[in-house]
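Given next are the chains, with one letter for each unit.
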Amino acid sequence: MRTTDIVTLCMNPALDITTSTAVVRPTEKLRCAGVRYNPGGGGINVAHVAEVLGASSMAVFPAGGPAGELVHRLLVAEGLALHRVSIGGSTRESFTVNETSTSGQYRFVLPGPELTVAEQAECLLQLRRAAESATFVVASGSLPPGVPEDFYQRVATACSELGVKFFLDTSGGGLTHVDSGVFLLKPSVRELRECLGLELRSEAEQLAAARELVARGVAECVLVSLGSQGALLVTAEEAHRFAQVDVPPGSGVGAGDAMVAGVAVGLTRGWPLTEAVRLGVAAGAAMLLTPGSAPCTREDAERLFAQTAPPVTVR
Ligand SMILES: Nc1ncnc2c1ncn2[C@@H]1O[C@H](COP(=O)(O)OP(=O)(O)OP(=O)(O)O)[C@@H](O)[C@H]1O
Ligand SMILES: [Mg+2]
């Protein structure tokens, strides 16, 4: 029986530390104010937004060291269902400084801990166990050092064996080493460019690139996110353009994770894929209305969903 709507995998979680200072400049001590600690990392962000949108979710992630303990404790305090794999290394920290005099944002993302082969195998095992009772599995984010680039392919294969639809949102080697078993792949146009080594300037080129991934059998659906320009959805049968919903300028951090969560939640509601993608577009835009990587609110996402235009079929 499927008891969890969405199980997420977050191989490289982070303790997000956010603070502010008047001006960022070298040498001087920068006195900072108002520090916030939040659990972060792709899969954890997706689980958060899925919960906010009313789906049951569970995050599987490796964590260790003081930052890992705090990530774990914060998630437990929030009531998020989780399965933590304890590791010997230290979970990374991601340090954001908001410069109040300019509204600029400086983001320092530290490398993740090296995962041993046994720790990687444990992550896969726990993901598999959780996936047995899930409707969808979503893996989002980078792979930490030591994890082979075909790790997400192993996850895709495990999901295929279990008959669970697998969503993947990653970049770099984690993306280029996947060749089958993905239901929905969500590259941003930047990630798609890097993955294929092409410029992809025009919509026609972006569509051709997404179609190529579908034709190769990498994924059944490719959702190319275009930031403030909306998104393109390509399946074996058709292609659609989704206009963005206009929102005031804000922090787009986590927009992609919210988009993936929105699509998965839409599908758990039994909606057709194009309707689910509209919820994804709305959830992505709703992230600009909350500070930093804080999850969007359900109210904003549902209100913006009502403002999304129906998709346009493209050739
Ligand atoms: N400024 C914006 N205005 C309206 N909608 C936005 C904006 N930025 C993002 N979105 C919505 O969120 C979706 C995901 O955003 P985006 O393409 O930036 O993905 P991302 O995964 O956050 O990018 P990357 O991984 O390259 O940093 C977009 O397709 C769009 O629907
Ligand atoms: Mg992204």
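Here's the deal with the layout of surface pockets
To find leftover empty space, a probe the size of one water molecule is rolled over the atoms.
Stage number 1. There is about 1,100 Å³ of room inside the largest pocket.
Stage number 2. G252, V253, G254, A255 and G256 are, among the 46 residues lining the largest pocket, the residues nearest its centre.
Stage number 3. Going through the elements one at a time, strand 2 (14-21), helix 1 (42-52), strand 6 (92-99), strand 7 (104-109), helix 6 (189-196), helix 8 (255-268) and helix 9 (273-286) are the ones with two or more residues in the lining of the largest pocket.
Stage number 4. Here the residues of the lining of the largest pocket sort into 14 nonpolar, 23 polar and 9 charged.
Stage number 5. Considered as a void within the structure, the second largest pocket measures approximately 200 Å³ in volume.
Stage number 6. Along the walls of the second largest pocket sit 14 residues, with N98, S103, Q105, S251 and G292 positioned nearest its centre.
Stage number 7. For the lining of the second largest pocket, the per-class residue count stands at 2 nonpolar, 10 polar and 2 charged.

Topic: a nonpolar patch on the surface
Stage number 1. Together, F95, Y106 and F108 make up a nonpolar patch on the protein surface, roughly 270 Å² of accessible area in all.
Stage number 2. With respect to the helices and strands, F108 occurs in strand 7.
Stage number 3. A relative accessible area of 42% places F108 in the partly exposed class.

Quick look at the sheet that holds strand 13 (residues 239-242)
Stage number 1. One open sheet holds the 10 strands; their spatial order is 5-4-1-8-9-10-11-12-13-14, and the pairing between them is mixed. Since the sheet does not close on itself, it has two edges, and those belong to strand 5 (81-86) and strand 14 (312-313), each with one partner.
Stage number 2. Bridge count between strand 8 (residues 134-140) and strand 9 (residues 165-169): 5 bridges; the pairing is parallel. Bridge assignment links S140 to a residue of strand 9, and that residue is D169.
Stage number 3. Each of strand 10 (182-185), strand 11 (219-225), strand 12 (231-235) and strand 13 touches helix 7 (residues 203-215); the most contacted strand, strand 12, lies at about 35° to it.
Stage number 4. Against the sheet, helix 9 contacts strand 10, strand 11, strand 12 and strand 13, and its axis sits at roughly 30° relative to strand 13.

Overview of the site of ligand 1
Stage number 1. Around ligand 1, 18 residues are found, and the nearest of them are K186, S188, S225, G227 and G230.
Stage number 2. Within the side chain of S225, a nitrogen or oxygen atom sits 2.7 Å from an oxygen atom of ligand 1.
Stage number 3. G256 is positioned with one of its backbone polar atoms (N or O) 3.0 Å from an oxygen atom of ligand 1.
Stage number 4. Contact with the protein chains removes 78% of the 620 Å² of surface that ligand 1 exposes when unbound.
Stage number 5. Placement of ligand 1 is best described as lying within the largest pocket.

Remarks on the state of the cysteines
Linking two cysteines covalently through their sulfur atoms gives a disulfide.
Stage number 1. For the structure shown, the criterion picks out 0 disulfides.
Stage number 2. In this structure C195 is not part of a disulfide, and its nearest cysteine sulfur, from C221, lies 16 Å away.
Stage number 3. Cysteine C296 remains unbridged, with the sulfur of C10 as its closest cysteine sulfur at 17 Å.
Stage number 4. For C296, a relative accessible area of 2% corresponds to the buried category.

Overview of the pairing of strand 4 (residues 57-63)
Stage number 1. The element strand 4 is largely enclosed, with a buried count of 6 among its 7 residues.
Stage number 2. Of the pairings in the sheet, the one linking strand 1 (residues 4-9) to strand 4 comprises 4 bridges and is parallel in character. For V7, the partnering residue across the bridge sits in strand 4 and is M58.
Stage number 3. Examined bridge by bridge, strand 4 and strand 5 share 6 bridges and lie parallel to one another. Along strand 5, the bridge assignment pairs M58 with A81.
Stage number 4. As a crossover connection, the stretch from strand 4 through helix 2 (residues 65-78) into strand 5 is right-handed.

Some details on unusual backbone geometry
Stage number 1. Located in the positive-phi region is S103, a residue other than glycine, with phi close to 65°.
Stage number 2. Within the secondary structure, S103 is located in the loop between strand 6 and strand 7.
Stage number 3. The exposed category is assigned to S103, whose relative accessible area is 69%.
Stage number 4. Positive phi outside glycine occurs at L200, with the angle close to 50°.

Rules and cut-offs
Residues numbered from 1 in each chain as written. Chains lettered and ligands numbered in written order. Predicted model: local features only at pLDDT ≥ 70, side-chain atom pairs only at ≥ 80, totals over all residues. Heavy atoms only, no water. 1 Å grid on protein atoms, 1.4 Å probe; cavity = no way out; pocket = protein on both sides within 12 Å on 5 of 7 lines; lining within 4 Å. Points joined across faces, edges and corners; volume = space filled by probe spheres on them. Helix = DSSP H or I, 4+ residues; strand = E, 2+ residues; numbered from the N terminus. Nonpolar A, V, L, I, M, F, W, Y, C, P; charged D, E, K, R; others polar. Patch = residues over 30% accessible without salt bridge, like charges linked within 9 Å, V, L, I, M, F, W, Y side chains within 5 Å. Areas by Shrake-Rupley, 256 points an atom, 1.4 Å probe, with all protein chains shown as cover. Salt bridge = Lys/Arg side-chain N within 4 Å of Asp/Glu carboxyl O. Buried < 20%, exposed > 50% of the residue type's maximum accessible area, 1.4 Å probe, protein only. Pairing = 2+ DSSP bridges. Contact = heavy atoms within 4.5 Å. Axes fitted to C-alpha atoms, helices over the stretch in contact; angles between N-to-C directions. Near = heavy atom within 4 Å. Polar contact = N/O pair within 3.5 Å; in protein donor to acceptor, adjacent residues only side chain to side chain. Sits in = over half its atoms within 2 Å of the grid points. Disulfide = S-S within 2.5 Å. Right-handed = clockwise from strand over helix to strand, strands pointing away.

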